[in-house]
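Observations on the model geometry
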Amino acid sequence: MNEGNRISVVINTYNAERHLEQVLRSVSGFDEVLVCDMESTDRTVETARRHGCRIVTFPKADHKSAEPARTFAIQQASSPWVLVVDADELVTPELREELYRRIAGPDCEAGLYIPRQNLFMGKTLRCAYPDYQLRFFIREGTEWPPYVHTFPKVHGRLGYLPKERRELAFVHLADDSVHAIMEKDNRYSDNDVLKKAGKRWGWGALLWRPFWRFFKTYVMEGGWRDGVRGLVYAGLKGVYQFQLVAKMIERQIIKS
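All figures in this text were calculated on a predicted structure; none of them were measured in a lab. (Residues numbered from 1 in each chain as written. Predicted model: local features only at pLDDT ≥ 70, side-chain atom pairs only at ≥ 80, totals over all residues. Heavy atoms only, no water.)

A closer look at the pattern of salt bridges
This is how the line gets drawn: Whenever a carboxyl oxygen of Asp or Glu lies within 4 Å of a side-chain nitrogen of Lys or Arg, that contact is scored as a salt bridge. Only runs of H or I of at least four residues qualify as helices and only runs of E of at least two qualify as strands under DSSP, and these elements are numbered from the N terminus. Exposure categories follow from relative accessible area, calculated using a 1.4 Å probe and restricted to protein chains: below 20% of the type maximum is buried, above 50% is exposed, and the middle band is partly exposed.
Summed over all chains, the structure comprises 25 salt bridges. Measuring nitrogen to oxygen at the nearest pair gives 2.8 Å for the salt bridge that ties Glu32 to Arg54. With Glu32 in strand β2 (residues 32–37) and Arg54 in strand β3 (residues 54–57), this pair connects stretches of sequence that are 22 residues apart. Assessed through its relative accessible area of 33%, Arg54 is described here as partly exposed. Residue Lys195 is joined to Asp192 by a salt bridge in which the shortest nitrogen-to-oxygen separation is 3.3 Å. One end of the pair is Lys195 and the other is Asp192, both in helix α5 (residues 178–195) and three residues apart, which spans about a single turn. Judged by relative accessible area, which is 3%, Asp192 ranks as buried.

What follows is the structure, given as structure tokens:
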């Protein structure tokens, strides 16, 4: 194989043993699988070693998400191309084949957005698809901001895999529950506050942002098609925005 057509899979982990076995089996056909672990205390590293992964370590410290370790992990990859996979996502054979086909062509994009299928209350959410993720890109020069809900900064032209071809989508194994989403959102909103530290929000944002996010998810993105699950999901999206703005206001009041 042309050395320029090699792909490294990069997986950031912290206590990720639950789905890791399945995930590693799904990426076994790539040139390299690199696991960047944040000092896990479960069997994550043991599982990665058993599958022959290359393992690097990033200090956990007080980080609440994998984003601070993303750029470090990407830079450790040995291939020109990188596919970032979360420790609870599966890569289909069709997606693998499509990525190799793309980079073998004369006009491949520098980065590709990949659709993702998500579960909520045991079923796929139609309103949460295609949930595009920028996860495939040229390694050289790519940096990932250390905040949640951010995409990597890729130098060059970007493209999208067609959402109509669902076989090309990541399969998100995490079956989100109301409890899981609210617990995760509390951690993620703490990090989001840091990312938006330069903004000043007040009453208007506290009322408008939750309403708009609910409306966008339930009406514009078709949450109504998912029945009561879609209604709950859209409500949780609105709650996240209320939580985020409330924390921003709290921060502003304390600092004033």
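As for the packing of α5 against helix α7 (residues 227–255)
The test is simple: Think of each axis as a best-fit line through the C-alpha atoms, taken over the contacting stretch in the case of a helix, with angles from 0 to 180 degrees between the N-to-C directions. Note: crossing handedness is left-handed where the near helix turns anticlockwise from the far helix by less than a right angle, and right-handed where it turns clockwise. Note on contacts: a residue pair is in contact if any heavy atoms of the two residues lie within 4.5 Å. Residues are grouped as follows: Ala, Val, Leu, Ile, Met, Phe, Trp, Tyr, Cys and Pro are nonpolar; Asp, Glu, Lys and Arg are charged; all remaining types, including Gly, are polar.
Packing of α5 against α7 leaves a shortest axis separation of 9 Å and a crossing angle of 35 degrees. Note that α5 runs across α7; the crossing there is right-handed. Along its contact with α5, which presents Val178, Ile181, Met182, Asp185, Asn186, Tyr188, Ser189, Asp190, Asp192, Val193 and Leu194, the element α7 presents Val232, Tyr233, Leu236, Tyr240, Gln243, Leu244, Lys247, Met248 and Arg251. Each residue belonging to the contact of α5 with α7 can be placed in one class, and the counts come to 12 nonpolar, three polar and five charged.

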